Amino acid sequence: SSGINAEWPLRPGEYLPGEGSTNTETVRKSYIEQYFGGENVTTMKCSETEAEPETKSIEKWTQLRCHINTDVRYMQVGLTMGLKENIEKTSATLERNAVYVKTSNVNRLPSYLTINFIRFFYKEKENINAKVLKDIKFPMEYDAFELCTPELQTKITPARDRFEALRMKKIEIELSGDVKNKKNEKKKEDKEVNYEPCSFSDDLGSSNSGYYELQAVLTHQGRSSSSGHYVAWVKHTEDNWIKCDDEKLSIVKEEDILKLSGGGDWHVAYTLLYGPKRLEIWEDEKKEEDKKEEDKKEEAVPEMEKME
């Protein structure tokens, strides 16, 4: 089975985009926008005059760009650079072109986060699109918290707290030598695991935690965008990945994926696809949720009787 986790089958009351949902947010989005689309809150400030007020806007995207220069060695640094840039455009106040500082922060994270490494640039002298071969490290698990607006950071905190509570619970069991709980943990490994939703209830296809796991990598081998070879690497199980080299498929390990960060003529990561990190529901938590559902049903019965 593939390592890519979607929330299938859909839970009661959920729809694919446009399929009968009364949620306007759901209806207006295509499948790609729903699961792969994010939003930035962007501010634009002219750096050449204080007379021109700062403007704000919403920008939609389906991928984040990792910029590369001499200072960038890690993906996070390149992503952060992409959130603040200088651009030149016409100033209505100055009636000429001026430099503006554009600052962006993520206001909506999608379930599936695509990262594009800016590895190609135009060499005017040679008239070619050259490639940046520099080694840029990327993580198998990614936390997008630092890219978010303060409002979104607050919104995703409850799910993040539940991840932390589960992590501490596992550590506590391990350190306590609790044989009974360890046996229960082993039983859980042998049967189907239940997971919490990874999206907000009113925004299917979003990320409610900002935590991601790497699911696929697209690499380029060669020194120019007009030549070379593209290969896809897709997560299959926890330990195994599938290398898709044209019609040839082969099994590789996680350590092989980490070698795709660049630095030479080997396959170099060009696009990364991160999927949602899923939060498993422990048996006692599941029983508590089931009890709450039963209580709701019991409370609803008298109300129905009153209406009759």
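**Considerations on the environment of Ala232**
Part 1 of the reasoning: Examined against the element boundaries, Ala232 turns out to sit in strand β11 (residues 229–235).
Part 2 of the reasoning: For the pair Ala232 and Ile242, spaced ten residues apart in sequence, the C-alpha separation works out to 8.2 Å.
Part 3 of the reasoning: Ignoring sequence-local partners within four residues, the contact set of Ala232 consists of Val217, Leu218, Ile242, Lys243 and Cys244.

**Observations regarding the pairing of strand β10 (residues 211–221)**
Part 1 of the reasoning: Counted residue by residue, β10 has eight buried out of eleven residues, so it is predominantly covered.
Part 2 of the reasoning: Strand direction decides the pairing type here: strand β9 (residues 141–143) and β10, joined by three bridges, are antiparallel. Across the sheet, residue Asp143 finds its bridge partner in β10, namely Tyr211.
Part 3 of the reasoning: In terms of strand pairing, β10 meets strand β14 (residues 268–276) through eight bridges, oriented antiparallel.

**Quick word on a nonpolar patch on the surface**
Part 1 of the reasoning: On the surface, a nonpolar cluster with roughly 250 Å² of combined accessible area is contributed by Tyr74, Val77 and Met81.
Part 2 of the reasoning: Within the fold, Met81 resides in helix α3 (residues 75–81).

**Comments concerning the sheet that holds strand β4 (residues 84–91)**
Part 1 of the reasoning: Taken together, four strands build an open sheet; the order of strands is β2-β1-β5-β4 and the sheet is antiparallel. Pairing within the sheet leaves two strands with one partner each, and these edge strands are β2 (55–61) and β4. Strand-to-strand, the axes of this sheet are offset by a mean angle of 35°, without reference to chain direction.

**What to know about unusual backbone geometry**
Trans peptide bonds make up the majority, and among non-glycine residues the majority have a negative phi.
Part 1 of the reasoning: The phi torsion at Glu95 lies on the positive side, around 55°, for a residue other than glycine.
Part 2 of the reasoning: Residue class for Glu95 comes out exposed when judged on its relative accessible area of 70%.

**Overview of the pattern of salt bridges**
Part 1 of the reasoning: One pass over the full model with this rule turns up twelve salt bridges.
Part 2 of the reasoning: Close ionic contact of Glu50 with Lys45 constitutes a salt bridge, the shortest N to O distance being 3.9 Å.
Part 3 of the reasoning: The class for Glu50 is exposed, based on a relative accessible area of 71%.
Part 4 of the reasoning: The exposure class assigned to Lys45 is partly exposed, which follows from its relative accessible area of 22%.

**Concerning the nonpolar core**
Part 1 of the reasoning: By size, the foremost hydrophobic cluster in this structure holds 35 residues, and its most contacted members are Met75, Ile115, Phe117, Phe138, Ile257, Leu272 and Tyr274.
Part 2 of the reasoning: Elements with a contribution of two residues or more to this core: β3 (64–66), α3, β6 (113–117), α4 (150–176), β10, β11 and β14.
Part 3 of the reasoning: When near neighbours in sequence (up to four residues on either side) are disregarded, Ile257 contacts Phe138, Met140, Leu214, Val217, Trp233, Trp241 and Val252.

**What about the packing of aromatic side chains?**
Part 1 of the reasoning: Tallying each qualifying case throughout the model produces six aromatic pairs.
Part 2 of the reasoning: Each ring, one from Phe163 and one from Tyr211, has its centre 5.1 Å from the other, and the planes form 80°; the classification is edge-to-face. In this pair, Phe163 is assigned in helix α4 and Tyr211 in strand β10, connecting sequence segments 48 residues apart.
Part 3 of the reasoning: Residue classification places Phe163 among the buried positions, given a relative accessible area of 13%.
Part 4 of the reasoning: Relative to Tyr270, the ring of Tyr230 lies with its centre 6.3 Å away and its plane at 55°, an arrangement referred to as tilted. A residue pair is termed long-range when its members are at least 10 positions apart, and Tyr230 in strand β11 and Tyr270 in strand β14 qualify at 40 residues.
Part 5 of the reasoning: Given the relative accessible area of 21%, Tyr270 is considered partly exposed.
Part 6 of the reasoning: Pairwise contacts between aromatic rings join Phe120, Tyr230 and Tyr270 into one cluster.
Part 7 of the reasoning: One residue, Lys89, lies across the ring of Tyr100, its end atom 4.3 Å from the ring centre.

**Things to note about α4**
Part 1 of the reasoning: Look at α4: 37 Å from first C-alpha to last across 27 residues, which is about the 39 Å you get at 1.5 Å a residue.
Part 2 of the reasoning: Within α4, the axis deviates most sharply at Thr157, by approximately 40°, and proline Pro158 lies no more than four positions further along.

**Examining the environment of Cys244**
Part 1 of the reasoning: For Cys244, the location among the structural elements is in strand β12 (residues 240–245).
Part 2 of the reasoning: A sequence separation of 26 residues divides Cys244 from Leu218, and the C-alpha atoms of the two residues are 9.6 Å apart.
Part 3 of the reasoning: If sequence neighbours within four positions are ignored, Cys244 has contacts with Val231, Ala232, Val234 and Leu249.

**Quick notes on the confidence of the model for the protein**
Part 1 of the reasoning: The pLDDT averaged across the protein works out to 83; a share of 77% of its residues lies at or above 70.
Part 2 of the reasoning: By mean pLDDT, helix α1 (residues 24–28) is the weakest element of the protein at 47, and β9 is the strongest at 98.
Part 3 of the reasoning: Residue range residues 18–22 is modelled with pLDDT below 50. Its contacts to residues more than four positions away, or to other chains, number six contacts.
Part 4 of the reasoning: The low-confidence segment residues 24–28 (pLDDT under 50) makes twelve contacts with residues lying over four places distant or belonging to another chain.

Parameters and conventions
- Residues numbered from 1 in each chain as written.
- Predicted model: local features only at pLDDT ≥ 70, side-chain atom pairs only at ≥ 80, totals over all residues.
- Heavy atoms only, no water.
- Helix = DSSP H or I, 4+ residues; strand = E, 2+ residues; numbered from the N terminus.
- Contact = heavy atoms within 4.5 Å.
- Buried < 20%, exposed > 50% of the residue type's maximum accessible area, 1.4 Å probe, protein only.
- Pairing = 2+ DSSP bridges.
- Patch = residues over 30% accessible without salt bridge, like charges linked within 9 Å, V, L, I, M, F, W, Y side chains within 5 Å.
- Areas by Shrake-Rupley, 256 points an atom, 1.4 Å probe, with all protein chains shown as cover.
- Salt bridge = Lys/Arg side-chain N within 4 Å of Asp/Glu carboxyl O.
- Axes fitted to C-alpha atoms, helices over the stretch in contact; angles between N-to-C directions.
- Core = buried A, V, L, I, M, F, W, Y, C linked by side-chain atoms within 4.5 Å.
- Phe/Tyr/Trp six-rings, centres within 6.5 Å; stacked < 30°, edge-to-face > 60°.
- Lys NZ or Arg CZ within 6 Å of the ring centre and 35° of its normal.
- Expected span 1.5 Å × (residues − 1).
- Bend = angle between axes of the 7 residues up to and from the residue.
- pLDDT = per-residue confidence, 0-100.

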